[in-house]
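# Tertiary structure, described
So you can see what is in the structure, the chains are spelled out below.
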Amino acid sequence: DAGITQSPRHKVTETGTPVTLRCHQTENHRYMYWYRQDPGHGLRLIHYSYGVKDTDKGEVSDGYSVSRSKTEDFLLTLESATSSQTSVYFCAIRPGQGAFGNTIYFGEGSWLTVV
Amino acid sequence: EDQVTQSPEALRLQEGESSSLNCSYTVSGLRGLFWYRQDPGKGPEFLFTLYSAGEEKEKERLKATLTKKESFLHITAPKPEDSATYLCAVQAQQDNNAGNMLTFGGGTRLMVKP
C-alpha cells in the first residue's frame with residue numbers, strides 16, 4: 001500500500017464542464033505524478049510535481065492543469081472536459097530516497113467518463 | 001525519444017506451462033527498467049526494478065532479466081492467479097532529478113487456464 005488515495009474513483013460528467021481529480025498521499029513524498037491509461041496507448045504522463053508549487057508538463061498535458069499547494073495533495077483539473085479525456089487516471093508517487101527511492105507507486109485509479 | 005515495446009500483446013497458457021514475456025526498449029541512458037503487474041480495475045503494482053545488463057530479480061514464479069536492448073519476464077509453472085496484465089517501463093538518466101518519470105510499453109495480457 002503506497003498510501004495514495006484518489007477521489008473521486010468514478011465520475012461521469014458532461015462535455016464542457018470543469019472536473020478536478022484529487023490525489024492524496026500520507027507519506028510526505030516529494031514527487032507526485034498524474035498518468036492516464038487508454039487502450040492502445042498504455043500509460044502516459046500528464047503532469048508531475050517535484051515539490052509544493054513545483055510542477056511540470058508530461059507527454060499529454062494539453063487540456064489539463066495541476067496544482068500542489070501542500071505536500072500531500074496533487075490536483076488534476078480538466079478546465080473544460082472533452083470526450084477525448086474519457087480515460088482512467090492514475091496518481092503515482094516516488095519516494096525519492098531510500099532503497100526504493102526511484103520506484104514509482106500507483107494509486108487505484110479514477111474512472112472518468114465525459115458524455 | 002524513449003520507446004518501449006512489449007510482446008506478445010496477449011498470451012494464453014495452461015497452468016504449469018512456463019513462458020516468457022518480452023520488453024524491448026530504446027532509451028537515452030537507462031536509469032532503470034521496471035516491471036509492474038496490473039489486475040483489472042486496479043492500479044499497477046510494482047514487481048521489479050533492473051538497473052544494468054545481466055541483472056536478474058526473482059519473486060515467487062517470476063524472474064526478470066535485463067540486456068542492453070530488452071528485458072524478459074519469465075514465468076515458471078504459472079497458476080491461474082498469475083493472470084494479469086504485465087507492464088514494462090523505462091526510466092531515463094536525466095541531468096536533474098525533477099522528473100524521473102516512466103515511459104511504458106503497451107503491456108502483455110496473460111491468461112492462465114487451470
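Keep in mind that this is a model prediction, so the values were computed, not measured.

The next thing to look at is the state of the cysteines. Per the counting criterion, the structure on display carries two disulfides over all chains. Note on cysteine connectivity: Cys-23 of chain A is disulfide-linked to Cys-91 of chain A, with sulfurs 1.9 Å apart. Negative torsions about the S-S bond denote left-handed disulfides, and the value of about -70 degrees found for Cys-23 of chain A with Cys-91 of chain A makes this one left-handed. Here Cys-91 of chain A lies in strand 9 (residues 87–94) and Cys-23 of chain A lies in strand 3 (residues 19–25), a separation of 68 residues in the sequence. Take Cys-91 of chain A: its relative accessible area is 0%, and that puts it in the buried class. Across a sulfur-sulfur distance of 1.9 Å, Cys-23 of chain B and Cys-88 of chain B are joined as a disulfide pair. Where Cys-23 of chain B bonds to Cys-88 of chain B through sulfur, the torsion about that S-S bond is close to -65 degrees, and the disulfide is left-handed. Placement of the pair is Cys-23 of chain B in strand 3 (residues 19–26) and Cys-88 of chain B in strand 9 (residues 84–92), with a sequence separation of 65 residues. Each of the two residues, Cys-23 of chain B as well as Cys-88 of chain B, counts as buried.

Take the sheet that holds strand 3 of chain B next. Hydrogen bonds along the backbone pair up the strands of a sheet, which may run parallel or antiparallel. All names here are of chain B. Here we have five strands laid out as an open sheet, ordered 1-3-8-7-6, and antiparallel in their pairing. Two strands lie at the open edges of the sheet, namely strand 1 (3–7) and strand 6 (56–59), each paired on one side alone. With direction set aside, neighbouring strand axes in the sheet form an average angle of 15 degrees. For strand 6 and strand 7 (residues 62–66), the ladder comprises four bridges, and the chain directions are antiparallel. Note on strand 7: the bridge partner recorded for Lys-57 is Ala-64.

Thresholds, definitions, all that
Residues numbered from 1 in each chain as written. Chains lettered and ligands numbered in written order. Predicted model: local features only at pLDDT ≥ 70, side-chain atom pairs only at ≥ 80, totals over all residues. Heavy atoms only, no water. Disulfide = S-S within 2.5 Å. Helix = DSSP H or I, 4+ residues; strand = E, 2+ residues; numbered from the N terminus. Buried < 20%, exposed > 50% of the residue type's maximum accessible area, 1.4 Å probe, protein only. Pairing = 2+ DSSP bridges. Axes fitted to C-alpha atoms, helices over the stretch in contact; angles between N-to-C directions.

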